[in-house]
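An overview of the molecular structure
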Amino acid sequence: MSTIARLRQMLGLDTLRGKYAYGYDAEAGMISASRIAEHWIKTTCGYCSVGCGMLVGIRKGKAVAVRGNPEHPVNSGKLCPKGLSEHHILTAPGRARYPLLRKKGAMARISWDEALSTMVRRVRSVQEKYGPGAFAVISTGQLVTEEFYTLGKLVQLGFRTPNYDGNTTLCMASAVSGYKLSFGSDGPPGAYADLEHADVIFLIGANIADNHPLLCQRLDRNHQRTLIVVDPRVTKTAMMADIHLPIKPRSDIALLNGIAHVLIREGMVDENYIAQHTSGYEAFSAHVQEYTPERVASITGLDQETILRVARLYGRAKAAWIGWTMGVNHSTQGAVTVAAINNLALMTGNIGRIGAAPFSITGQCNAMGTRESGFTSGLPGYRKFENPADREELARIWNIPVDRIPAARGLAYPDLIEAAVAGKIKALWIIATNPAVSFPNYGLFEDAMRRLDFLVVQDGFYPTPTAEFAHLVLPAAIWGEKEGTFTNSERRVSKVNRLVSPPGEARPDFDIFLDLAERLGVRDELYPGWQGPEDAFREWQRVSEGRLCDYSKFTWKEIEERGGIQWGGPRLYQDGVFQYPDGKARFHAVPWEPFVEQPDEEYPFILNTGRTVEHWHTRTKTAQVALLQNMVPNAWLEMNPADASRLRLKPYDRVTIISRRSSVKNVELRITGIVAPGQVFMPFHFAESNSNLVTLGAYDPISREPNFKQCAVRVERSAPNEGRR
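These lines cover the structure that appears in this document, whether it is placed above or below. (Residues numbered from 1 in each chain as written. Predicted model: local features only at pLDDT ≥ 70, side-chain atom pairs only at ≥ 80, totals over all residues. Heavy atoms only, no water.)

1. Notes on the layout of surface pockets
What the largest pocket holds in volume is close to 820 Å³. Lining the largest pocket are 37 residues, with Lys180, Ser377, Gly378, Arg383 and Lys384 positioned closest to its centre. At the level of secondary structure, the elements contributing two or more residues to the lining of the largest pocket comprise helix 6 (173-183) and helix 17 (367-373). Looking at which element gives the most residues to the lining of the largest pocket, the answer is helix 6, with 5 residues. Of the residues that constitute the lining of the largest pocket, the class distribution is 12 nonpolar, 15 polar and 10 charged. Taken as a whole, the second largest pocket spans an internal volume of roughly 310 Å³. Considering the residues around the second largest pocket, the lining is formed by 19 residues, among which Arg233, Lys236, Trp636, Glu638 and Ile674 are closest to the centre. Elements with a minimum of two residues in the lining of the second largest pocket: helix 9 (236-240), strand 24 (636-639) and strand 26 (663-671). (1 Å grid on protein atoms, 1.4 Å probe; cavity = no way out; pocket = protein on both sides within 12 Å on 5 of 7 lines; lining within 4 Å. Points joined across faces, edges and corners; volume = space filled by probe spheres on them. Helix = DSSP H or I, 4+ residues; strand = E, 2+ residues; numbered from the N terminus. Nonpolar A, V, L, I, M, F, W, Y, C, P; charged D, E, K, R; others polar.)

2. Some remarks on the nonpolar core
Soluble, globular proteins show a tendency: their nonpolar side chains are buried together. Counting 122 residues, the largest nonpolar core has Met119, Met347, Trp429, Leu474 and Trp567 as the members making the most contacts within it. The element best represented in this core is helix 10 (residues 252-265), accounting for 8 residues. (Core = buried A, V, L, I, M, F, W, Y, C linked by side-chain atoms within 4.5 Å. Buried < 20%, exposed > 50% of the residue type's maximum accessible area, 1.4 Å probe, protein only.)

3. A word on the sheet that holds strand 15 (residues 357-360)
The sheet built from 5 strands is open, its strands ordered 12-11-10-14-15 with parallel pairing. Each having just a single partner strand, strand 12 (243-245) and strand 15 make up the two edges of the open sheet. Between one strand axis and the next, the sheet turns by 15 degrees as a mean value, whatever way the strands run. Bridge count between strand 11 (residues 226-230) and strand 12: 3 bridges; the pairing is parallel. Following the sheet pairing, valine 229 is matched in strand 12 by histidine 244. In the packing of helix 16 (residues 334-348) onto the sheet, contacts are made with strand 10 (200-204), strand 14 (320-324) and strand 15, and the angle to strand 14 comes to roughly 175 degrees. (Pairing = 2+ DSSP bridges. Axes fitted to C-alpha atoms, helices over the stretch in contact; angles between N-to-C directions. Contact = heavy atoms within 4.5 Å.)

4. As for the sheet that holds strand 18 (residues 472-475)
With respect to topology, 7 strands assemble into an open sheet ordered 7-6-18-17-16-8-9, the strand pairing being mixed. Only two strands of the sheet have a single neighbouring strand rather than two, namely strand 7 (106-109) and strand 9 (164-166). Across this sheet, the average inter-strand angle for adjacent strands is 20 degrees, counted without regard to direction. With 4 bridges connecting them, strand 8 (residues 135-139) and strand 16 (residues 427-431) associate as parallel partners. The residue of strand 16 that forms the bridge with phenylalanine 135 is alanine 427. Packing against the sheet, helix 5 (residues 145-158) makes contact with strand 8, strand 9 and strand 16, and its axis sits at approximately 150 degrees to strand 9. The strands touched by helix 22 (residues 509-520) within the sheet are strand 16, strand 17 (454-459) and strand 18, with strand 16 carrying the most contacts at an inclination of about 150 degrees.

5. Some remarks on the packing of helix 5 against helix 24 (residues 533-544)
Helix 24 packs onto helix 5 with a crossing angle of 75 degrees between their chain directions and a minimal axis gap of 9 Å. When the axes of helix 5 and helix 24 are compared, the pair comes out roughly perpendicular. Along the contact surface, helix 5 presents Thr145, Glu146, Tyr149, Thr150 and Lys153, while helix 24 presents Pro533, Ala536, Phe537, Glu539, Trp540 and Val543. When the residues that make up the contact of helix 5 with helix 24 are grouped by side-chain class, the tally is 6 nonpolar, 2 polar and 3 charged. (Parallel < 35°, antiparallel > 145°, perpendicular 65-115°, else oblique.)

6. Remarks on the environment of threonine 348
Take threonine 348: it is sitting in helix 16. Judged by relative accessible area, threonine 348 falls into the buried class, the value being 12%. Distance from threonine 348 to proline 232, taken between C-alpha atoms, is 26 Å for residues 116 residues apart in sequence. Once residues within four sequence positions are removed from consideration, threonine 348 is found in contact with Leu263, Met268, Asp270 and Tyr314. A polar side-chain atom of threonine 348 sits 2.8 Å from a polar atom in the side chain of asparagine 350. (Polar contact = N/O pair within 3.5 Å; in protein donor to acceptor, adjacent residues only side chain to side chain.)

7. Looking at the pairing of strand 6 (residues 100-103)
Pairing analysis gives 4 bridges linking strand 6 to strand 7, with the strands arranged antiparallel. Within strand 7, the residue paired with leucine 100 across the bridge is arginine 109. Relative to strand 18, strand 6 is paired through 2 bridges, and the arrangement is antiparallel. The residue of strand 18 that forms the bridge with leucine 101 is leucine 472.

8. Examining the side chain of glutamate 372
Mapped onto the elements of the fold, glutamate 372 is located in helix 17. It is arginine 371 that comes nearest to the buried, bridge-free glutamate 372 among opposite-charge side chains, at 7.3 Å. Side chain to side chain, glutamate 372 and tryptophan 567 meet in a polar contact 2.7 Å long. Residues in contact with glutamate 372, not counting those within four places in the same chain, are Leu379, Pro380, Gly381, Tyr382, Thr487, Trp540, Cys549, Tyr551 and Trp567. (Lys, Arg positive; Asp, Glu negative; His and termini not counted. Salt bridge = Lys/Arg side-chain N within 4 Å of Asp/Glu carboxyl O.)

9. A closer look at the pattern of salt bridges
One pass over the structure, following the stated rule, counts 42 salt bridges. With a closest N to O distance of 2.9 Å, glutamate 196 and arginine 221 form a salt bridge. You can see glutamate 196 sitting in the loop between helix 6 and strand 10 and its partner arginine 221 sitting in helix 8 (residues 216-221), a full 25 residues away along the chain. Taking relative accessible area as the criterion, glutamate 196 reaches 22% and is therefore assigned partly exposed. Within the structure, one salt-bridge network assembled from shared partners comprises Asp113, Arg507, Asp515 and Arg519.

10. Thoughts on the packing of aromatic side chains
Applying the stated criterion across every chain, the model contains 30 aromatic pairs. Relative to phenylalanine 587, the ring of phenylalanine 284 has its centre 5.1 Å away and its plane inclined at 20 degrees; by these criteria the two rings are stacked. With phenylalanine 284 in helix 12 (residues 281-287) and phenylalanine 587 in the loop between strand 22 (585-586) and strand 23 (605-610), the pair connects residues that are 303 residues apart, well separated along the chain. Comparing phenylalanine 284 with phenylalanine 587, the two get one shared label, buried. Lying across the ring of tryptophan 567, arginine 491 places its NZ or CZ 5.5 Å from the centre. (Phe/Tyr/Trp six-rings, centres within 6.5 Å; stacked < 30°, edge-to-face > 60°. Lys NZ or Arg CZ within 6 Å of the ring centre and 35° of its normal.)

11. Observations concerning the environment of leucine 256
Mapped onto the elements of the fold, leucine 256 is located in helix 10. Among the residues examined, leucine 256 registers a relative accessible area of 1% and is labelled buried. Sequence separation of leucine 256 and leucine 428 is 172 residues, and the distance between their C-alpha atoms is 40 Å.

12. Brief notes about empty space enclosed by the protein
Enumeration over the complete set of coordinates arrives at 7 cavities of 30 Å³ or more. For the largest cavity, the lining is made up of 37 residues, of which Asn167, Gln364, Ala432, Trp616 and His617 are closest to its centre. Of the residues assigned to the lining of the largest cavity, the class counts are 16 nonpolar, 14 polar and 7 charged. In this structure, the second largest cavity spans a volume of roughly 360 Å³. Forming the boundary of the second largest cavity are 29 residues, of which Gly205, Asp231, Gly327, Asn608 and Lys709 lie nearest the centre. Among the elements of the structure, helix 15 (326-329), strand 23 and strand 27 (679-683) are those that each provide at least two residues to the lining of the second largest cavity. Looking at the lining of the second largest cavity element by element, the count peaks at 4 residues for strand 23. Taken together, the residues that form the lining of the second largest cavity break down as 11 nonpolar, 11 polar and 7 charged.

The following block contains the structure:
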């Protein structure tokens, strides 16, 4: 049985695919006539960044079935459990249906007119009293690109606040910053197809079998590859590997520097590529001399022979592909770890060629779209706030004074929360994200929310843990109820289509943004003649023209017909010209440092957090889908048998996880060799057992991404009938 066949059997994908393609009713346990589609509509999945094409079956105005689009180049007709059941979120019981305003301590239904008028009045009042920057916005990676572009203009040019960021800072900011450090711009250089052509595939902190399962089929098509997986935990992906490197937590920089050391020492570098296309190599080469196999072995816990073997496999590869995701990004050294990965690609010329790339596997369905167009860490089209020429160019396109455009980035996500605690942010607008569960160090977040004068939560679901703090709730349409485009991890722009109408009085985010612009008096100025999201797309084409992320070369219709189009072509930097003024990529000397909060006698375990294939983020959507919720209804804690024996704990005991900040109570214990002694693992999806009660508020100084992956905890048996929080 092939690797992908074993994985599909493990996840139950074949059974699910056969049933759900023809309207299987999970509750009835049979094919239901009411779920047989009258017609099918093409669209793109709204969960992760793989960007799978799908066909959604419609009957009497309702979505009744889903199947993979066999003609789509990303997934060739296959879907994961979340995708196969995605249509159920459209009729989920937890949908937000009506605007709500807190009156006398309770949420009361109001009209849209009152909701938006109240929002504009309250925000303006805060800004008049405390300044424009006292209002902040936290967005998401879930909107379509056309909405991100529209929202960015509304926030920065309409509300005139620079303090705008998204939940992508919690997952992809380190990858963005690392690409900028090395190449001068964001943008994954490679493509999914490279997985089928590389002879060495190196995955670091990327459990794609759980997080991006459709990418595993690419591995299975490549019969010549050697798969190396670097992960402290024996994940499903590690089980697929030819070589699993169970390094000590946060020792990946030492490993990467150690591989570079061996490549230089044994002459496995591309000197011509280095000379023609890079700078900073001499200082980098001197830096890695101290990362000998002996030293790296002591830091990582690997043996020297394994380090040498892996370095030689990478150095001798005809085409080597390095992929990573949250295991790298979620760190106080995330950005420079990405730069260290890029160093390996540059020194061997493994970039811009078939099968060769340093590849960031993105998290959310449209995190790339907001990175390209969203006004958060940069101006649209990968322009820079601090570059006068970039600001002047946009001012000409938008026909506005150049001084309307901020000359510096505002506060990043974690700094917005800390500013709210300090009383500097007084009003906050949270869009399509649930930070009461996803933000690290819950205590700090709760303090921030309670200090706000005004909190708006705009979401497709209600209630949520974040909405508990809200003064105003705006019900928004979700995937399947609006149209636009998503950009996936390989820069492929795919069409997202409207399948059904939103429930109740919920409205597309695009419509909400334009209505707010009308009430601010800036609609005609910022969105002249706009009626729908395609108008935003056409302006975005002009704004992106000639940039690395150039959308001017294709239309909505062409995107639909071709199953998505990659901006920049299949691969970036094929000519060896990078986005720095001199056209050369940069090497960076990256020092290894121990992670921030080390275990000690009182808190002896290192807590790692991550995902499971059945759920998405904070389960706002997937908890509403019976199929997925029944598969994995509760959180759990994984512990090594040696540690469990020492603590006299048994499988399925209820335990409490305690850190210096708080505790998570009454969690099911799973005793397994998947985690090493001294380490424990817990999924982060569950509000009822929120791992972020205990995680620490430490951030990357460059990207501002949180260090979700390592904090020191102790584990105790829960008291009888002890609550979860």
